[in-house]
Amino acid sequence: MSVDLLDEDSGTATVARLQLDRRLQCLQLSMPDETRIYKMQDMIAIFRDKEFTSLVPGLSHLSGRCVAVDFCTERDFRLCFQFKDSEHRDNFYSCLKILRMSLDTLENPQSDED
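From a predicted model like this one, the values you see are computed outputs, not experimental measurements.

Asker: Looking at this structure, how should I read the overall build of the chain?
Answerer: The number of helices and strands found in the chain is two helices and seven strands. When the elements of the chain are put in sequence order from the N terminus, they spell out β-β-β-β-β-α-β-β-α. Relative to its length of 114 residues, the chain is compact, with a C-alpha radius of gyration of 15 Å against a globular reference of 13 Å. Along the first, second and third principal axes, the C-alpha set of the chain runs to 50 × 30 × 30 Å.

Dropping the structure here:
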């Protein structure tokens with residue numbers, strides 16, 4: 001899918017392509033000058049609305065159309081995505097949350113004995 005990646009400091013938008021691998025374990029973010037790969041298991045938080053505003057105050061005026069995703073990596077700790085409207089933002093947010101929760105379930109299966 002095509003996304004707008006926002007620079008947290010300047011607010012500059014870069015058009016990028018975001019893809020999920022077949023095994024639902026890695027996100028690939030392709031920009032004109034580079035490609036980055038993020039492991040879904042490294043995703044530690046997804047923010048929108050008030051959380052987004054408090055964590056990314058420089059982009060608070062865009063919070064109604066943005067999602068921030070934090071990773072536990074040294075490089076690119078936080079990615080900020082902007083969407084054309086709140087409906088697209090909410091769909092992206094929900095899908096990402098579901099994917100991340102499904103990975104948590106696979107990593108920590110509950111036994112029937114509990």
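Asker: Even after reading the chapter, I still don't get the sheet that holds strand β7 (residues 78-82), so can you show me in this structure?
Answerer: Strands pair in a sheet through their backbones, by hydrogen bonds, and they do so in one of two ways: parallel or antiparallel. Pairing within the open sheet is antiparallel, and its seven strands lie in the order β4-β3-β2-β1-β7-β6-β5. Two strands in the sheet have a free side with no partner beyond their single neighbour: β4 (35-39) and β5 (43-47). In this sheet, adjacent strand axes meet at a mean angle of 30° when their direction is disregarded. Bridge count between β5 and strand β6 (residues 66-71): four bridges; the pairing is antiparallel. Considered in β6, the bridge of methionine 43 is made with phenylalanine 71.

Asker: It is not clear to me how the pattern of salt bridges should be interpreted in this structure. Could you clarify?
Answerer: A side chain with one charge can pair with a side chain of the opposite charge if their charged atoms come near. Evaluation of the coordinates by the stated rule reveals seven salt bridges. When the shortest N-O distance is used, the salt bridge between arginine 36 and glutamate 34 registers 3.2 Å. Residue classification places glutamate 34 among the partly exposed residues on the basis of a relative accessible area of 27%. Taken together, the shared-partner salt bridges in this structure form one network comprising Arg48, Asp49, Arg89 and Asp90.

Rules and cut-offs
Residues numbered from 1 in each chain as written. Predicted model: local features only at pLDDT ≥ 70, side-chain atom pairs only at ≥ 80, totals over all residues. Heavy atoms only, no water. Helix = DSSP H or I, 4+ residues; strand = E, 2+ residues; numbered from the N terminus. Rg over C-alpha atoms; globule rule 2.2 N^0.38 Å. Pairing = 2+ DSSP bridges. Axes fitted to C-alpha atoms, helices over the stretch in contact; angles between N-to-C directions. Salt bridge = Lys/Arg side-chain N within 4 Å of Asp/Glu carboxyl O. Buried < 20%, exposed > 50% of the residue type's maximum accessible area, 1.4 Å probe, protein only.

Fair warning: the whole summary comes from geometry, so function is off the table for now.
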